[in-house]
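Chain and residue survey
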Amino acid sequence: MSLPKDSITKDYTDVEATLSRITSHTGVQGIVIATHEGSVIRSTLDNIQTQQISTLVTQLAARGKSVVRDLDPEDDLTFLRIRSRKNEIMVAETKQYLLITIQNPNELQKGWI
């Protein structure tokens, strides 16, 4: 069973609009959409960064999901946020994929001063 062509086109348009909206935020350096296994669906980063981020962050998200489940078997990981001095990595998890956003937290603070 295949999806209607206009449904696929609408989904693609929605994804592109969402990516444009997110990348327009101050400090956003890139976005990677990946499967839970680390296969890249879409990225705004170069190939090397995309592969590195998709591989490492999907492993981290899987570990985070496991920790949440160990603490409460009825709970599930939905969002993961990691901040360092140079970067902030935000991961939104769905049943189908991970939406990984990389941003520079220092650019965000400039607007607050």
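Residues numbered from 1 in each chain as written. Predicted model: local features only at pLDDT ≥ 70, side-chain atom pairs only at ≥ 80, totals over all residues. Heavy atoms only, no water.

**Brief notes about the side chain of Glu-93**
So the rule is basically this: Every helix listed is a DSSP run of H or I at least four residues long, and every strand listed is a run of E at least two residues long, numbered separately from the N terminus. Three exposure classes are used, based on accessible area relative to the maximum for each residue type with a 1.4 Å probe and protein chains only: buried under 20%, partly exposed in between, and exposed over 50%. Note on definitions: a residue-residue contact is assigned when non-hydrogen atoms from the two residues lie within 4.5 Å.
Inspection of the secondary structure assignment puts Glu-93 in strand E4 (residues 88-93). In this structure Glu-93 comes out as buried when scored by relative accessible area, which is 13%. Once residues lying within four places of it in the same chain are set aside, the contact partners of Glu-93 are His-36, Ala-61, Lys-65, Leu-77, Thr-78 and Leu-98.

**A few points about the pairing of strand E3 (residues 79-83)**
Put simply, the rule reads: Whether two strands pair comes down to DSSP finding at least two bridges between them.
Two strands pair when backbone bridges link them, and E3 and E4 are joined in this way by 5 bridges, in the antiparallel orientation. Following the sheet pairing, Arg-81 is matched in E4 by Met-90. Counting the residues between successive antiparallel strands, the hairpin from E3 to E4 contains 4 residues.

**Brief notes about the side chain of Gln-103**
Note the following rule: Any pair of N or O atoms that falls within 3.5 Å is considered a polar contact. Within protein, one atom must be able to donate a hydrogen and the other to accept it, and sequence-neighbouring residues count only if both atoms are side-chain atoms.
Relative to the helices and strands, Gln-103 is located in strand E5 (residues 98-103). A relative accessible area of 7% means that Gln-103 is categorised as buried. Polar contacts involving the side chain of Gln-103 include one to the side chain of Glu-88, which spans 2.6 Å.

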